[in-house]
Amino acid sequence: MSHLTALKTFADEVKAIPGGEHLELCYSCGTCVSKCMIQQKLEPDYNPRRLLRMVMEGMREEAFKSPTTWLCSECDLCYEACPQEIHISQVIAAVKKLAVEAGYASPLTPVAVNEDLCSGCGICVMVCPYEAPSLFEKAVDGEMDRLSQVDSNKCMGCGTCVAACPTGAIAREGVSNAEITAQFPTDRTQAPALITFICDWSLRVDKDLSILESYPQEKVNIVHIPCTGRIDPQHALMALDSGVKGVLVCGCKPGECHFKRGTDVASCKLNLLDTILGQMQQPQQQIRFVQIGTQDRGRIRDEIDSMLETLAEPMEAE
Amino acid sequence: MTSKPKLAFYWAASCGGCEITITELGMRLVDVCEQADIVFWPAAMDFKYDDVRAMKDKEIDITFCNGAIRNAENEEIAHLLRRKSKIMIAFGSCSHLGGIPGLANMYDIESLCQRVFDTSPSVDDSRGTRPQPVTKMPEGDIELPPLYDHVKFLAEITDVDYFMPGCPPVVDQVWKVFQAALKGELPPRGAVIGADEKTVCDVCPREKGEPGFRITEFKRPHEVDLDPDKCFLTQGVICCGPVTRAGCGTPCLNGNMPCRGCYGPAEGVVDQGAKLASVIGALIDTDNPEELQKTLDTIVDPAGTFYRFGLAHSIMNKMKYE
């Protein structure tokens, strides 16, 4: 048997890709599954332990079809927990790379670029945690134009690029600029006290969702976003301008962001907005950002109540 | 009598740069004068306010009004010109967005006056003199137009037909707009004219950033030896190009300086400064969340940098003064 033939087992192929080499350290304890937010919140069939096992057993097609291959967003909560210190997301990424090469495609809804609006600034290319967008040249009206394109197999749909795109050229179904602002009140006299932008991953248990639903819509308007990386300071200001008294943004604790850096990006943006509000001698309490940890079940109620309390008091610039 | 179209120019709260850009037309200004009569131009010609008051309503075909609205005189003359003109064009950043004078809206009028008249190092403050609306003198009363408590842009106080951005609008665009206006070929009312739709990045030839590029420290242009071929943001220098309307011909970029944002928000940008915060915030290195504040602190004067020309036009300004 030649050396090349020996490489041909599925496990060897995965191990040959940088990041995949730690595959064989896995002894299938399942600690990764117990830490995984996707398994808990999105897809019960999601199971990194089982995927790694499939690879070792040579179950190529099954591995390529597994939701685990496609849904992992490299949050790496499992990496910290793994007793064997396997960088599991990198092993999964190696499987995904082979799956794409074999012609499989991501089941997720990617962002889409409207080329008429794209300026080719490359901001999306820089900010994406997954290197999904890239710039390319295209002839438009006889001239070469620089535009953005998105690799739909790399895009995880977090919306970080949507929020950073200056002109609204990048959108994702459900969280385009128009779809978000359509949720703001149109009649100032009917405006709720509070608009809460909530990263759905920061809702820790089903109970958190029912807590949100317990607030009357006339009082607290909830805008669901895939990640606080989708937060655009423009929207916070537009919400206030529409008549609400306050804006609460709920994301995840640093290090626990489902999309790697969205919560830190939101922190930077809202910090800048806060500084500018201060320079404008405007009350800074009207926009608040909170970061909820994976163990902070039910904290969402405290945060909303506390914000409502703040808004009930007269607000002045500090 | 002539049937040539009548043009008027006015400067409200402005630096005079917009006037310079018109004189920059050079000999082309002679062509303009062959095709049109200039009936009012305080910076260059000896007409008085009373000459305008004596005109019939809508007698002026086009008024190019530059400068922000800082005091009662600015507003009075803007209203007068509006009444006397068929077309009113907000000319230049101050008229379009409030411009540099609009940065005053960060402060209250008392602290501004304190700075300007008392504590500025070049001012002799020994008498504590402040400008008064009316000063009694032996020869009679002397009046000064009262200052407003904040700076406004033209469309805040009167109907504006077109907006022509720029600090100042570049001369080639001025010439194009003059030609279009004199031929009656202006677009539908309400449009931004003399500019493009997309952003400055669309026409910037600099090499864009790589995937995963992050900023750990912001620098001001004078603190870096800037590479003329690379995107300013990738050199840690804040550039307003991503959110700013193109059409200026990029003189700043050509001079190896970042875009300052004077052409205002591009199509699709609602609030220039907040959108820029959304861009800049996403570029900051987040690998070490404890260091974020340190990085953010290297941005000197975010309000003045992100809203350099558009603060008076911002949502925050509206919230503050409405």
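Reading guide: rules and limits
- Residues numbered from 1 in each chain as written.
- Chains lettered and ligands numbered in written order.
- Predicted model: local features only at pLDDT ≥ 70, side-chain atom pairs only at ≥ 80, totals over all residues.
- Heavy atoms only, no water.
- Helix = DSSP H or I, 4+ residues; strand = E, 2+ residues; numbered from the N terminus.
- Buried < 20%, exposed > 50% of the residue type's maximum accessible area, 1.4 Å probe, protein only.
- Contact = heavy atoms within 4.5 Å.
- Polar contact = N/O pair within 3.5 Å; in protein donor to acceptor, adjacent residues only side chain to side chain.
- Expected span 1.5 Å × (residues − 1).
- Phe/Tyr/Trp six-rings, centres within 6.5 Å; stacked < 30°, edge-to-face > 60°.
- Pairing = 2+ DSSP bridges.
- Axes fitted to C-alpha atoms, helices over the stretch in contact; angles between N-to-C directions.

What follows is about the environment of Glu 217 of chain B. All names here are of chain B. With respect to the secondary-structure elements, Glu 217 resides in the loop between α9 (200–203) and α10 (251–254). We classify Glu 217 as partly exposed; its relative accessible area is 43%. For the pair Glu 217 and Val 151, spaced 66 residues apart in sequence, the C-alpha separation works out to 33 Å. Beyond its immediate sequence surroundings of up to four residues, Glu 217 is in contact with Gly 236, Thr 295 and Thr 298.

Turning to the side chain of Thr 199 of chain B, a few remarks are in order. Structurally, Thr 199 of chain B can be placed in the loop between α8 (171–182) and α9. For Thr 199 of chain B, a relative accessible area of 0% corresponds to the buried category. Within the local environment of Thr 199 of chain B, its side chain forms a polar contact with the side chain of Ser 119 of chain A, the two groups lying 2.9 Å apart. Ignoring any residue separated from it by four or fewer positions in sequence, one finds Thr 199 of chain B in contact with Ser 119 and Thr 167 of chain A together with Gly 241, Pro 242, Thr 244, Ala 246 and Ala 266 of chain B.

Between its first and last C-alpha, helix α16 (residues 299–312) of chain A extends 20 Å over 14 residues, near the 20 Å set by a 1.5 Å rise per residue. On its buried face, α16 of chain A is in contact with β5 (194–199), α13 (206–213), β6 (220–225), β7 (246–252) and β8 (287–292) of chain A.

Take the packing of aromatic side chains next. With the rule as written, the count across this model stands at ten aromatic pairs over all chains. With a centroid separation of 5.5 Å and 90° between ring planes, the pair formed by Phe 10 of chain A and Phe 64 of chain A is classed as edge-to-face. Of this pair, Phe 10 of chain A sits in helix α2 (residues 10–16) while Phe 64 of chain A sits in helix α6 (residues 60–65), and the two are 54 residues apart along the sequence. A relative accessible area of 1% places Phe 64 of chain A in the buried class. Measuring from ring centre to ring centre gives 4.9 Å for Phe 64 of chain B and Phe 178 of chain B, while their planes differ by 55°; the resulting arrangement is tilted.

Residue and element names in this part refer to chain A. Note that strand β2 (residues 133–140) and strand β3 (residues 143–150) share eight bridges and pair antiparallel. Across the sheet, residue Pro 133 finds its bridge partner in β3, namely Val 150. Turn length for the β2-β3 hairpin, with the two strands adjacent in sequence and antiparallel, is two residues, and the turn residue Asp 141 shows positive phi of about 50°.

Time to look at the sheet that holds β6 of chain A. Residues and elements named next belong to chain A. Strand order in the open sheet made by the four strands is β6-β5-β7-β8, with parallel pairing throughout. Across the chains shown, the open sheet's two edge strands, defined by having one partner strand only, are β6 and β8. For this sheet, the mean inter-axis angle between neighbouring strands, taken without regard to orientation, is 20°. Pairing analysis gives five bridges linking β5 to β7, with the strands arranged parallel. Note that in β7 the partner of Ile 195 across the bridge is Val 247. Against the sheet, helix α15 (residues 262–279) engages β7 and β8, with an angle of about 155° to β8.

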